[in-house]
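Here's the letter readout for the chains.
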Amino acid sequence: MNNLFVYCELEDGIIADVSLELLTKGRSLASRLNCRLEAVVAGSKLDGIEKQTMPYGVDKLHVFDDDRLYPYTSLPHTSILVNLFREEKPQICLMGATVTGRDLGPRVSSALGSGLTADCTSLEIGSHEDKKQGKTYENLLYQIRPAFGGNIVATIINPEHRPQMATVREGVMKKEVYDQNHSGETVRYDVNGYVSEATDFVVKVLERRMAKAKHNVKGAPIIVSGGYGVGSKENFQLLFDLAKVLNAEVGASRAAVDAGFCDHDRQIGQTGLTVRPKLYIACGISGQIQHIAGMQESSLIISVNSDPAAPINSIADYVITGTIEEVIPKMIKYYKKNSK
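Parameters and conventions
As a convention, each chain's residues are numbered from 1 in the sequence order in which they are written. This being a predicted model, a pLDDT of at least 70 is required before a residue's local features are given, and a value of 80 or more before pairs of side-chain atoms are given or counted; all residues contribute to the totals for chains, interfaces and linings. Side-chain figures throughout are based on the complete set of non-hydrogen atoms in the structure, without hydrogens or water. Between buried and exposed lies partly exposed: a residue is buried under 20% and exposed over 50% of the maximum accessible area for its type, with that area taken using a 1.4 Å probe on protein chains only. In this text, helices come from DSSP runs of H or I with a minimum length of four residues, and strands from runs of E with a minimum of two, each type numbered from the N-terminal end. At least two bridges found by DSSP between two strands are what make those strands a pair. Ring pairs are drawn from Phe, Tyr and Trp, using the six-membered ring of Trp, whenever the two centres fall within 6.5 Å, and their geometry is named by plane angle: stacked under 30 degrees, edge-to-face over 60, tilted for the rest. Whether a charge sits over a ring comes down to the Lys NZ or Arg CZ being within 6 Å of the ring centre and within 35 degrees of the ring normal. Only the stretch in contact is used when a helix axis is fitted, and all axes are lines through C-alpha atoms; the angle between N-to-C directions ranges over 0 to 180 degrees. What makes two residues a contact is simply this: any of their non-hydrogen atoms within 4.5 Å.

## Considerations on the pairing of strand 4 (residues 37-43)
The buried count for strand 4 comes to seven of seven residues, which makes it a mostly enclosed element. Here strand 4 shows two buried faces, one formed by Leu37, Ala39, Val41 and Gly43 and the other by Glu38, Val40 and Ala42. The sheet contact formed by strand 1 (residues 4-8) and strand 4 spans five bridges and is parallel. Considered in strand 4, the bridge of Cys8 is made with Val41. Both strand 4 and strand 5 (residues 60-65) contribute to a ladder of six bridges, which runs parallel. Following the sheet pairing, Glu38 is matched in strand 5 by Lys60.

This is the structure:
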């Protein structure tokens with residue numbers, strides 16, 4: 001009772017990275033709260049699913065294995081979580097801010113009357129003093145996320161209702177194995193006890209078509225990213241040329257995407273991808289908080305900017321002052337010379 005739960009998403013029997021990231025964070029939060037970390041998996045053909053979850057410190061794994069649960073549909077997964085949570089009464093539930101999490105989270109929180117904070121970028125444990133009521137609430141989940149277009153960072157709490165629910169975007173938290181030999185309890189359920197055959201399976205997926213991504217910006221170890229300061233779509237080609245030399249991927253700020261310099265699926269920031277490359281080269285990017293939220297965990301940041309006072313320079317490890325037309329061709333020439 002009153003433990004911390006993580007809903008684990010599945011795709012072809014593999015737990016999504018965002019869920020493993022949340023298990024990593026959940027293990028830390030559960031230790032702070034002195035409670036158990038529990039995970040919920042619902043899908044089909046889940047034999048051996050323990051091997052994917054237990055190394056992340058899961059104390060108890062709830063498994064709902066039924067052919068009707070894959071691929072994901074809203075109604076049965078909602079019923080499973082709502083009925084399970086009514087039994088287990090968790091104090092916290094975390095989900096990925098994915099297509100699935102954004103569909104499932106609000107449905108579960110609405111049914112339980114618990115509330116939900118979406119797209120969190122940080123989760124912490126803290127207290128809150130309500131001076132009007134003369135109450136102090138301990139061990140609250142601080143649900144931290146950008147607000148008002150990213151101009152402020154809001155900390156949201158839910159003192160009265162449980163579970164405290166939050167969705168977190170992929171890449172925001174680190175994914176780290178807790179103990180490769182960790183072993184927790186596994187409970188397998190009869191799905192029929194948690195769903196309604198008459199109402200939960202009225203929607204059926206007849207066919208699924210999944211297109212492979214053209215590129216992998218999110219998982220790239222090196223990213224060359226451009227902002228509005230690149231100046232034009234033609235100048236953006238210089239970034240692709242540099243990326244080719246470095247075996248890197250190309251990213252972009254929202255301003256660059258809105259200006260038509262680059263495709264939307266390469267957008268990095270609060271409303272795009274969250275990345276953690278080993279090297280992030282920011283070209284012509286001013287460094288608004290919306291963009292920084294998506295790349296600030298990069299191991300090494302190089303800023304190329306004509307404005308020495310650009311905000312992104314304050315978080316960069318190295319700053320090169322100059323225009324894209326001046327700097328990037330020199331970088332390409334240098335890297336080509338030293339790669340031979």
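The discussion continues.
## Thoughts on the packing of aromatic side chains
The relation between two aromatic rings is expressed through the spacing of the ring centres and the mutual angle of the planes. If you walk through the whole model with that rule in mind, you get eight aromatic pairs. A centroid spacing of 6.4 Å and a plane angle of 45° characterise the contact between Phe236 and Phe261, whose relative ring orientation is tilted. Residue Phe236 is found in helix 5 (residues 233-246), and its partner Phe261 is found in the loop between helix 6 (254-258) and strand 15 (279-283); the two are separated by 25 residues along the sequence. Comparing Phe236 with Phe261, the two get one shared label, buried. In textbook terms, an aromatic cluster arises when at least three aromatic residues are bridged by ring pairs, as seen for Tyr228, Phe236, Phe240 and Phe261. A cation over a ring is seen here: Arg27 above Tyr178, with NZ or CZ 5.4 Å from the ring centre.

## Overview of unusual backbone geometry
Of note, the amide linkage connecting Tyr70 to Pro71 takes the cis form, showing an omega dihedral of 0°. With an omega dihedral of 0°, the bond running from Arg162 to Pro163 counts as a cis peptide bond. Within the fold, Pro163 resides in the loop between strand 10 (152-156) and strand 11 (164-168). Phi is positive for Asn34, close to 60°, though the residue is something other than glycine.

## Remarks on the sheet that holds strand 9 (residues 135-147)
Strand order in this open sheet of three strands is 8-9-10, and the pairing throughout is antiparallel. The open sheet has two edge strands, strand 8 (122-130) and strand 10, and neither has a second partner. Ignoring which end each strand starts from, the neighbouring axes of this sheet average 40° apart. By the bridge criterion, eight bridges tie strand 8 to strand 9 in an arrangement that is antiparallel. Considered in strand 9, the bridge of Glu129 is made with Thr136. On top of the sheet, helix 1 (residues 17-33) reaches strand 8 and strand 9; it is set at about 35° to strand 8, its chief contact.

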